[in-house]
Amino acid sequence: MKKVQFTETVLRDANQSLIATRLPYEVYEPILDRIDKAGYYAVECWGGATFDVCLRYLNEDPWERLQKLRQKLPNSKLQMLLRGQNLLGYKHYPDDVVRKFVALSVKNGIDIVRIFDALNDITNMKVAIEETLKCGGLASGAIAYTTSPVHTLSNYVNLVKELKQMGVGSICIKDMAGIMGPKEAYDLVSAIKDAVDLPVDVHTHSTTGLAFMTYLKAVEAGADIIDTAISPFSGGTSQPATETLAYALRQLGYEVTTNDGVLTEIADFFKPIRDRYIADGTLMAKSLATDTQCLTYQIPGGMLSNLLSQLKMMNALNRLDEALLETPKVRADLGYPPLVTPTSQMVGAQAVQNVLAGERYKNVSKEIVAYCRGEYGKTPAPIDPQVLKRVLGDEQPLTGRYADTLEPAFEKAKAELGDLARCDEDVLSYIAFPQLAEAFFQNRQAQEENVATYTIQEA
Ligand code: CO
């Protein structure tokens, strides 16, 4: 009997996709003991936006959260999502920072580091993969899924072979927009399985309603792991429901390792929490709805709403059709980047600019300039030479890896922080989000001083 395993996303991707990662640790702590016994392959619980939101909105130390998760989930594999050389942010960090970040993530409890790059540029994934392996973690090499004339099966297979050579322990197909259909999933998983002998994990979102069918065909083609969310936090922009897939796959004769009774307990726990977020407006109806527009326009749902709000701000909603037609043209000009943060915003904003200015590439954002310089990595196809000339003038784009041009930054940041940092983890928080982390440290110190004064008075 073929075994299919589940990675539960409620603590990370479901939480991020439905309620902008607003679940504080204390809220879900009581259910961790059940999650630990549910029979999941892994629990995705850290990385992505967790780090940012902990510091910005929740007044939580993200590293402490990880330590607590490790303690409460002793039998589970903990998974994090890492944006390669960008770590958890939007810019490239020097290698010393990437290595330190990965090393401390593993040291504090992460078992699986899922590593991807928005452009699928493997040189942006290499250092993170290397360091994960060095520290004894499992590096999962993720490919960002998209469709374009250059995103062919054979190109994906080449990418996967290179990842295997780097020593990854599994391959993840990461469809961040939920645009991968069942046939595409079947073909891609089959091709990967033929090419490399590695477990394949498929990750998609329910946004367009394809996800259940996509997973079914992916499993038929030999996928070993699928990413799902416990039912109250499933559907819409999140993943499809864990219980539903367990039910259907078991019925089809697959060996499913999750425990139904425990899954019910976890679902019962999260139902009232979901209802609370619906009541206070954090969880919006549209996030739970099925939206097929991105199949029509081939652009992710989040990007479409960005486009709309931009046009609205400029009082130009009537130009939407033109902007929608311009978007794939800009993407083609830029060498078909997968539309994922941050490229989706860059491409969308440029399309709006091109339409409103009445002249293509008359106004160009500094992000597009950096992209054309090669600071985000190698583009899937070459950038259109005329566009490149228009954006860069006579300047030559970078030929090597952008991170190689960056000075080491860890020791410098450590010195800068002085006593405010109590450990190397603090220094990394500071490097990732300087203002947020500094405010957090100051607040932490002030709180402790208050407690200290109070204790003295008590005595
Ligand atoms: Co996702």
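Located above this text is the structure these notes cover.
Throughout what follows, the structure given in this document is the object of discussion. Position numbers for residues count from 1 along each chain, tracking the sequence in the order it is written. Owing to the predicted nature of the model, reporting of local features is limited to residues with pLDDT of at least 70; listing and counting of side-chain atom pairs is limited to 80 or more, with chain, interface and lining totals taken over all residues. Note that water and hydrogens are dropped before the side-chain values are worked out from all heavy atoms of the structure.

1. Points about the overall build of the chain
Then, in step 1: When its secondary structure is counted, the chain shows 22 helices and nine strands.
Then, in step 2: For this measure, only C-alpha atoms enter the radius of gyration; the expected value for a globule follows 2.2 Å times N^0.38, where N is the number of residues. Relative to the compact-globule value of 23 Å for 459 residues, the chain shows a C-alpha radius of gyration of 22 Å, a close match.
Then, in step 3: Counting only C-alpha atoms and orienting by the principal axes, one finds that the chain spans roughly 75 × 60 × 45 Å.
Then, in step 4: Only protein chains enter the calculation, and the probe is 1.4 Å; a residue is then buried if its accessible area is under 20% of its type maximum, exposed if over 50%, and partly exposed in between. Expressed as a percentage of its 459 residues, the buried residues of the chain come to 53%.
Then, in step 5: Contact criterion: two residues are considered in contact whenever any of their non-hydrogen atoms come within 4.5 Å of each other. For the chain, the share of sequence-separated contacts (at least 6 apart) that also reach a separation of at least 24 residues comes to 75%. Comment: elements are numbered from the N terminus, with helices defined as DSSP H or I runs of at least four residues and strands as E runs of at least two.

2. Side note on the pattern of salt bridges
Then, in step 1: By convention in these notes, a salt bridge is any Lys or Arg side-chain nitrogen within 4 Å of a carboxyl oxygen on Asp or Glu. On inspection of all chains with the given rule, the structure shows 38 salt bridges.
Then, in step 2: One connected set of salt bridges, linked through shared partners, spans Arg-12, Asp-13, Glu-44, Arg-114, Asp-201 and Asp-227.

3. Focus: the packing of helix α20 (residues 410-417) against helix α21 (residues 424-432)
Then, in step 1: Comment: axis = line fitted to C-alpha atoms, over the contacting stretch for helices; angle = value between 0 and 180 degrees taken between N-to-C directions. At a minimum axis distance of 9 Å, the contact between α20 and α21 shows a crossing angle of 100 degrees. With respect to α21, the element α20 is oriented roughly perpendicular. Counted together, Phe-410, Ala-413, Lys-414, Glu-416 and Leu-417 of α20 and Asp-424, Asp-426, Val-427, Leu-428, Tyr-430 and Ile-431 of α21 form the full contact between these two elements.
Then, in step 2: Split by residue class, the contact of α20 with α21 holds seven nonpolar, no polar and four charged. When describing relative orientation, an angle under 35 degrees is termed roughly parallel and one over 145 degrees roughly antiparallel, while 65 to 115 degrees is termed roughly perpendicular and anything else oblique. Think of it as three bins: nonpolar holds Ala, Val, Leu, Ile, Met, Phe, Trp, Tyr, Cys and Pro, charged holds Asp, Glu, Lys and Arg, and polar takes everything else, Gly as well.

4. Here's the deal with the nonpolar core
Then, in step 1: One finds Leu-11, Ile-35, Leu-82, Phe-101, Ile-173, Ile-266 and Phe-270 to be the most contacted residues of the largest nonpolar core, which totals 103 residues.
Then, in step 2: Here the element with the most residues in this core is helix α12 (residues 260-279); it accounts for seven residues.
Then, in step 3: Look past the residues within four positions of Leu-82 in its chain and what remains in contact with it is Leu-87, Leu-88, Phe-101, Val-102, Val-113, Arg-114, Ile-115, Phe-116 and Ala-128.
Then, in step 4: Val-352, Cys-372, Val-387 and Leu-392 belong to the second largest nonpolar core, which has 27 residues in total. Each nonpolar core is a collection of buried residues, namely Ala, Val, Leu, Ile, Met, Phe, Trp, Tyr and Cys, held together in the definition by side-chain atoms within 4.5 Å.

5. Section: the packing of aromatic side chains
Then, in step 1: In this analysis, rings of Phe, Tyr and Trp, with Trp reduced to its six-membered ring, are considered paired at centre separations within 6.5 Å, and the interplanar angle assigns stacked below 30 degrees, edge-to-face beyond 60, and tilted for intermediate values. Inspection of every chain in the model, using the stated rule, returns 13 aromatic pairs.
Then, in step 2: Ring geometry for Phe-233 versus Phe-270: centroids 5.6 Å apart, planes at 75 degrees, classification edge-to-face. On the criterion of sequence distance, the pair formed by Phe-233 in the loop between β8 (225-228) and α11 (242-251) and Phe-270 in helix α12 is long-range, its members being 37 residues apart.
Then, in step 3: Members of the aromatic cluster, connected to one another through ring pairs, are Trp-46, Phe-51, Trp-63, Phe-101 and Phe-433.

6. Focus: the coordination of the cobalt ion
Then, in step 1: In this analysis a donor is any N, O or S atom within 2.8 Å of a metal ion (3.2 Å for sodium, potassium and calcium), and since water is not included, sites may seem incomplete. Of the protein atoms, only Asp-13 (OD), His-203 (NE2) and His-205 (NE2) coordinate the cobalt ion, at distances of 2.1 Å.
Then, in step 2: Counting gaps between the donor residues of the cobalt ion yields the pattern D-x189-H-x1-H. Here Asp-13 is found in helix α1 (residues 13-19), whereas its partner His-205 is found in the loop between β7 (200-203) and α10 (211-220), with 192 residues between them in sequence. Accessibility assignment for this pair places Asp-13 and His-205 in one class, buried.

7. Digging into helix α18 (residues 366-373)
Then, in step 1: Every buried residue of α18 is listed here: Ile-368, Val-369, Ala-370, Tyr-371 and Cys-372.
Then, in step 2: In this structure, the buried side of α18 is in contact with α17 (343-357) and α19 (385-392).
Then, in step 3: Of the residues trailing α18, Gly-374 is marked for its positive phi of about 100 degrees.

8. Thoughts on helix α9 (residues 182-195)
Then, in step 1: Relative to the 20 Å expected for 14 residues at 1.5 Å per residue, α9 spans 20 Å between its end C-alpha atoms, a close match to the ideal helical length.
Then, in step 2: Taken together, the buried positions of α9 are Ala-185, Leu-188, Val-189, Ala-191 and Ile-192. When α9 is viewed along its axis, its buried side chains cluster within an angular range of 160 degrees and face the same direction. Along α9, exposed side chains directed more than 90 degrees from the buried face belong to Lys-183 and Asp-194.
Then, in step 3: Against β5 (138-144), α8 (153-166), β6 (170-174), β7 and α10 lie the buried residues of α9. The span one expects for a helix is its residue count, reduced by one, times 1.5 Å. Relevant arc is that of directions from the helix axis to the C-beta atoms, nothing else.

9. Structural notes on the packing of helix α6 (residues 95-107) against α21
Then, in step 1: At a minimum axis separation of 10 Å, α6 and α21 run at an interaxial angle of 130 degrees. In this view, α6 runs oblique relative to α21, as classed from their interaxial angle. The handedness of the crossing between α6 and α21 is left-handed. Each of Val-97, Lys-100, Phe-101 and Leu-104 in α6 lies in contact with α21, whose residues at this interface are Asp-424, Glu-425, Leu-428 and Ile-431. The handedness criterion is simple: a crossing whose near helix is rotated anticlockwise from the far helix by less than a right angle is left-handed, and one whose near helix is rotated clockwise is right-handed.

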